[in-house]
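# Descriptive analysis of the structure
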Amino acid sequence: MRYSSELEVHLNLLAKNFESLRDLAPSNEIIFMVKANAYGHGINELTFFANKELSVSRFGCASLAEAINIRKNNPELDCELWVFSDLNFYQEKYLQLYSDYNIVPVIASLSQLKIFLSSSLVNFIPLVLKIDTGMNRLGIGCDNIEQMLNLLKSHNIKNIKHLMTHFASSYIKLKDGDKTHRQYDLFNQTLKEIRGAGLFVEETSCANSGAIEQQFSLEQSHIRPGLMLYGPSSMIGKNTSWQGKLISKLKTEVISIDEVRKGMPIGYGGHVCHADGHIVNLPLGYGDGILTSYSGLKFSYQGEVAQIMGRVNMDLVSIFFEKLPPGLTIGDDFYIWGEDYLSVSDLACRVKAIPYQIFTTISARVPRRYLS
């Protein structure tokens, strides 16, 4: 753990993002994605806030363990928890946990569907199905729909609670006839086929953050926002009108400031300074989620040019300034990112990463502090 560093999470900004989402998609119900520790921000704290303060009643997790973690730490929450990928369906001891903790699996293969229909879960857990329309990752393939329908018929299933698919390229600006449109057309064809076979499909969803930002596939009953609620756009470049507020600030503390001369080696590998200036050392490193790929990164800090000097190490990062920001001294707060500092989207672009990765690599050694 750290005393001198923390990830500030501003819940009021999450609420503002949620309001902006409601303006963008006023008619859709929401499945709030909180996978990967709520994109690094704290799965229990954000689920609690979204349920109690934003009236969100359904949350999406990646794994069964994530969902159980929420149930154990927030037993008073009145909400649904859905598991989207790591179902742990192939061992009986895990299958039983769905009923023990009232968790809904998103069925994404014929083998999972067979297990579900043969278990006692079918009597009290709603049937949620994912269809693969071209991402070729998870989902029942459209060429297997007839087998799926026969399987449901053999178990006298007449109702599907929720049918979904996942867009592979909705982070790219949409064009008529592109992959996302083809996926959506195939989803609607499959939905028509399922309903034509006499099954009642109660709910549907296709839109992840990129699709929501482009107001695509909002004809379905539900949407599944993820990254956009945490602030950044999921779109490539500036192909979006989404103006989400970055809900977190990564704050640390200046632990030393040293004068350096041009040509002096700094840290592992002995990367030399290109000019006279100052080295500001911060207690964050790759053990905290500051990736080694950040080495050499240049950014503006309080009006001065800053550069990560030398190799990021496990516990420290060195920042070079030719000219120190006015008044910066040992013990001062130093923000790596934040709404008024370097944005996560800009950081991700500069280090050839994506905002998801920037958020989720911040380790448990960095405490989270929640501000309203």
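Going by the structure above, here's the rest.
Calculation criteria
- Residues numbered from 1 in each chain as written.
- Predicted model: local features only at pLDDT ≥ 70, side-chain atom pairs only at ≥ 80, totals over all residues.
- Heavy atoms only, no water.
- Helix = DSSP H or I, 4+ residues; strand = E, 2+ residues; numbered from the N terminus.
- Buried < 20%, exposed > 50% of the residue type's maximum accessible area, 1.4 Å probe, protein only.
- Contact = heavy atoms within 4.5 Å.
- Areas by Shrake-Rupley, 256 points an atom, 1.4 Å probe, with all protein chains shown as cover.
- Lys, Arg positive; Asp, Glu negative; His and termini not counted.
- Charge placed at Lys NZ, Arg CZ, Asp CG, Glu CD.
- Core = buried A, V, L, I, M, F, W, Y, C linked by side-chain atoms within 4.5 Å.
- Arc of directions from axis to C-beta.
- Polar contact = N/O pair within 3.5 Å; in protein donor to acceptor, adjacent residues only side chain to side chain.
- Pairing = 2+ DSSP bridges.
- Axes fitted to C-alpha atoms, helices over the stretch in contact; angles between N-to-C directions.
- Salt bridge = Lys/Arg side-chain N within 4 Å of Asp/Glu carboxyl O.
- Parallel < 35°, antiparallel > 145°, perpendicular 65-115°, else oblique.
- Nonpolar A, V, L, I, M, F, W, Y, C, P; charged D, E, K, R; others polar.

What follows concerns the overall build of the protein. Looking only at helices and strands, one finds 11 helices and 21 strands in the protein. Its C-alpha atoms give the protein principal-axis dimensions of roughly 80 × 45 × 40 Å. Burial statistics for the protein: of 372 residues in total, 55% are counted as buried. The contacts of the protein with a sequence gap of at least 6 include a subset with a gap of at least 24, amounting to 65%. A total accessible area of about 16,900 Å² is found for the protein, and carbon and sulfur atoms account for 48% of it. When the 36 positive and 38 negative side-chain charges of the protein are each reduced to one mean point, those points stand 4 Å apart.

Turning our eyes to something else, we now look at the nonpolar core. Grouped burial of nonpolar side chains is what soluble globular proteins tend to show. In terms of nonpolar packing, the biggest core is built from 117 residues, with Phe-32, Met-148, Tyr-230, Ile-319, Phe-334 and Trp-337 touching the most fellow members. Those residues in contact with Met-148, other than ones at most four positions away along the chain, are Leu-110, Leu-113, Leu-129, Ile-131, Ile-140 and Ile-194. Within the second largest apolar cluster, seven residues are counted, among which are Ile-266, Ile-279, Met-309 and Phe-320.

Once that is clear, we can look at helix H6 (residues 110–118). All buried positions along H6 are accounted for by Leu-110, Gln-112, Leu-113, Phe-116 and Leu-117. The arc that holds every buried residue of H6, seen down its axis, measures 155 degrees, which confines them to one face. Where H6 is buried, its residues meet strand S6 (104–107), strand S7 (128–132), strand S8 (140–141) and helix H7 (145–154).

Turning next to the side chain of Thr-47. Tracing the backbone through its elements, the reader meets Thr-47 in helix H3 (residues 43–54). From its side chain, Thr-47 meets the backbone oxygen of Ile-43 in a polar contact 2.6 Å long. Here Thr-47 is in contact with Val-34, Phe-59, Ile-70 and Leu-77, once residues within four sequence places are set aside.

On the basis of which strands lie adjacent, the open sheet formed by five strands has the order S13-S16-S19-S18-S17 and antiparallel pairing. Because the sheet does not close on itself, it has two edges, and the strands there are strand S13 (256–260) and strand S17 (298–301). Neighbour to neighbour, the strand axes of the sheet diverge by 30 degrees on average, direction disregarded. Where strand S18 (residues 304–308) and strand S19 (residues 317–321) come together, three bridges link them in antiparallel fashion. Looking at S19, one finds that Gln-307 is bridged to Phe-320.

This part takes up the sheet that holds strand S21 (residues 368–371). Two strands in a sheet stick together by hydrogen bonds in their backbones, pointing the same way (parallel) or opposite ways (antiparallel). In space, the four strands of this open sheet follow the order S20-S12-S1-S21, with mixed pairing throughout. At either end of the open sheet lies a strand with only one pairing partner, and these are strand S20 (333–337) and S21. The mean angle between the axes of side-by-side strands here comes to 30 degrees, regardless of whether they run parallel or antiparallel. Here strand S12 (residues 248–253) runs beside S20; their pairing, made up of four bridges, is antiparallel. Opposite Lys-251, over in S20, you have Tyr-335 as the bridge partner. Together, strand S1 (6–10) and S21 form the strand contacts of helix H1 (residues 11–24), whose direction differs from that of S1 by roughly 45 degrees.

The next subject is the pattern of salt bridges. Tallying each qualifying case throughout the model produces 14 salt bridges. Note that Lys-161 is salt-bridged to Glu-203, the shortest N-O span being 3.4 Å. Residue Lys-161 is found in strand S9 (residues 159–164), and its partner Glu-203 is found in strand S10 (residues 200–205); the two are separated by 42 residues along the sequence. The exposure classification of Lys-161 matches that of Glu-203, with both residues buried. Among the ionic pairs, Arg-261 bridges to Asp-276, the shortest N-O distance being 3.7 Å. Of this pair, Arg-261 sits in the loop between S13 and strand S14 (265–266) while Asp-276 sits in the loop between strand S15 (271–272) and strand S16 (277–282); the two residues are 15 residues apart in sequence, bridging distant segments of the chain. With relative accessibility at 48%, the residue Arg-261 sits in the partly exposed group. For Asp-276, a relative accessible area of 40% translates into the label partly exposed. Salt bridges linked by common partners bring Glu-6, Glu-8, Lys-251, Asp-333 and Arg-369 together as one network.

Attention now moves to the packing of H6 against H7. The N-to-C vectors of H6 and H7 enclose an angle of 5 degrees; their axes lie 11 Å apart at closest approach. The pairing of H6 with H7 is recorded here as roughly parallel in orientation. For the pair H6 and H7, contact is made by Leu-110, Leu-113, Lys-114 and Leu-117 and by Gln-147, Met-148, Leu-151 and Leu-152, respectively. A breakdown of the residues in the contact of H6 with H7 according to their chemical character gives six nonpolar, one polar and one charged.

This paragraph deals with the pairing of S19. Across the five residues that make up S19, a large majority, five, are buried. Neither face of S19 is left uncovered, since the one carrying Val-317, Ile-319 and Phe-321 and the one carrying Ser-318 and Phe-320 both have all their residues buried. Across five bridges, S16 lies against S19 in antiparallel orientation. Bridge pairing in S19 places Asn-281 opposite Ser-318.

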